[in-house]
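A look at the structure
Read off the chains here:
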There are 2 protein chains.
Amino acid sequence: MSPKQQRGEATVDLLLTTALRVYAESGQQGFTVNAIVAASGVSLGSLYHHFGSFDGLAAALYIRCMDQLCDDMVASLTRCRTARTGIRTWVASYLRFTRENRDIALFLHASAYSGYLVAHAEEIGAAKAAKFAAITDWLRVRVERGEIAALPAPVIEVLVMGPVTEVARRWLSSTYEIDLAEVTRLLPDLIWRSLRPDQDGAEPRSRTTA
Amino acid sequence: MSPKQQRGEATVDLLLTTALRVYAESGQQGFTVNAIVAASGVSLGSLYHHFGSFDGLAAALYIRCMDQLCDDMVASLTRCRTARTGIRTWVASYLRFTRENRDIALFLHASAYSGYLVAHAEEIGAAKAAKFAAITDWLRVRVERGEIAALPAPVIEVLVMGPVTEVARRWLSSTYEIDLAEVTRLLPDLIWRSLRPDQDGAEPRSRTTA
DNA sequence: ATTCAACTAGAGGAAGATTCTAGAAACAGG
DNA sequence: CCTGTTTCTAGAATCTTCCTCTAGTTGAAT
């Protein structure tokens, strides 16, 4: 299972990094084996030796990018105790990650429907679920404490991730003009509004009880 | 400018309709000129006579689908007077459209980054902006009346469209399991919460003034 | 009858994913 | 240090797929 030589690991890394750069520079059109091979200097044989197919490389890259994003989000989220700061931090960290890792964000958004990961859909789904488990747990605890409105987990996820991914999409597409700084200032609070346990004047239970 | 024969219009329509069906059945992979030609019975030359290129057909299909969606949303929205019902109806209508027109929604979501519309990006952008103008106007009026929080237009759009498109994405991908009926029941109110002018007990101005 | 849009059929050719064979580099045991 | 084995690299050749173009036909309108 584990490689007996570590020279391959470096080429794998080089290939993935180059692939991401190629995608960022040339878009979906130019995202091809030849381009990646040419840009990386690695041979075609090496590529197929390590990934088996082009889709294999794309799937590996997708998983690698998603892991980075998820690790970043989970780290930000789990550092927070209260629901309010947690949600706000979650939102802010996604936007920050997008700004600081444009290439990764672009690839993630574009690949969602891109077809080259249909073959590895199960694998990717599993990886994503594993990473999201930490987030779901964090949310469940706060919902049980009454710090977040009693909603199904998917609805909460959608209310947070929805606006944020939409902003990212627009910022990445560069046809819209989005003031990312302003949005980062406004969104966390606005999203939190839709998740507060109740809005009719009652104080959050964390103050009155426990 | 106007066609001297109207037989072409029928062919164009047949091609677009078939293309959508092919996409729904075969996905990105099977979305090719040959497949469309075979499924429609129209000849390859005809296709090129009308659309000039494969990308041309894809762009035309994209615009047609987007028009349908936008017209539906605009019709639902402009029928509403108050901000609250408007926003809630907007959300509900998008979800209803997605449920009732799965193929269209799928194509729209998947094509966003798909690369075959890069060539016609300007054209598409213009068409989209034109359709969205009605929505933006509707929003501006309500913001000026104080019925909606004083936020930049993009932020409002993102808060509404974000969660809704995210739900659609999940429902379409079929790896997530989304209870669309339940979401349709919950989301409109939740989204409205993030847009209400203020949440600290003050009544909406429409009641106290004017 | 002429004209022009609409259409048909099929060839051409480019591009890209994959396979294959050959060889270099690391590793293990003697 | 030598040798067999596995991992890895190399790049040409292949095979498939798909977009585009050309040349010619049909048929409605004037």
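Bear in mind that the values here come from a model prediction, so they are computed numbers and not experimental data.

How each quantity is defined
- Residues numbered from 1 in each chain as written.
- Chains lettered and ligands numbered in written order.
- Predicted model: local features only at pLDDT ≥ 70, side-chain atom pairs only at ≥ 80, totals over all residues.
- Heavy atoms only, no water.
- Phe/Tyr/Trp six-rings, centres within 6.5 Å; stacked < 30°, edge-to-face > 60°.
- Buried < 20%, exposed > 50% of the residue type's maximum accessible area, 1.4 Å probe, protein only.
- Lys NZ or Arg CZ within 6 Å of the ring centre and 35° of its normal.
- Contact = heavy atoms within 4.5 Å.
- Buried area = accessible area lost by both parts, 1.4 Å probe.
- Salt bridge = Lys/Arg side-chain N within 4 Å of Asp/Glu carboxyl O.
- Polar contact = N/O pair within 3.5 Å; in protein donor to acceptor, adjacent residues only side chain to side chain.
- Helix = DSSP H or I, 4+ residues; strand = E, 2+ residues; numbered from the N terminus.
- Domains from an automatic or database assignment.
- Nonpolar A, V, L, I, M, F, W, Y, C, P; charged D, E, K, R; others polar.

**Brief notes about the packing of aromatic side chains**
Residue and element names in this part refer to chain A. Counting across every chain of the model gives 12 aromatic pairs over all chains. Ring centres 5.2 Å apart and planes at 85° place the aromatic pair Tyr23 and Phe31 in the edge-to-face group. An identical accessibility class is assigned to Tyr23 and Phe31; each is buried. Of the aromatic side chains, those joined through ring pairs into one cluster are Tyr23, Phe31, Phe54, Phe107 and Tyr116. Positioned above the aromatic ring of Trp171 is the side chain of Arg102, whose terminal nitrogen or guanidinium carbon lies 5.1 Å from the ring centre. A cation over a ring is seen here: Arg170 above Tyr176, with NZ or CZ 4.6 Å from the ring centre.

**So, the interface of chain A and chain B**
With 39 residues of chain A at the interface, the matching set in chain B holds 39 residues. A combined buried area of about 3,300 Å² lies between chain A and chain B, and 62% of that area is made up of carbon and sulfur atoms. If you look at where chain A meets chain B, you find two salt bridges. Between Glu157(A) and Arg170(B) there is a salt bridge, with its nearest N and O atoms 3.0 Å apart. Linking chain A to chain B there are eight residue pairs in polar contact (both at pLDDT 80 or more). If you list the elements that add at least two residues to the side of chain A that touches chain B, you get α1 (7–30), α6 (102–111), α8 (153–173) and α9 (180–195) of chain A.

**Regarding the domain arrangement of chain A**
All names here are of chain A. Domain annotation for chain A reports domain 1 (1–52) and domain 2 (62–199). Placing a centre on the C-alpha atoms of domain 1 and another on those of domain 2 gives a separation of 28 Å. For the domain 1 and domain 2 pair, buried surface summed over both sides reaches about 740 Å², with 65% attributable to carbon and sulfur atoms. At the boundary of domain 1 with domain 2, the tally comes to one salt bridge. Among the ionic pairs, Asp13 bridges to Arg64, the shortest N-O distance being 3.2 Å. Taken together, domain 1 and domain 2 are joined by four residue pairs in polar contact (both at pLDDT 80 or more). When the residues that make up the side of domain 1 that touches domain 2 are grouped by side-chain class, the tally is five nonpolar, two polar and one charged.

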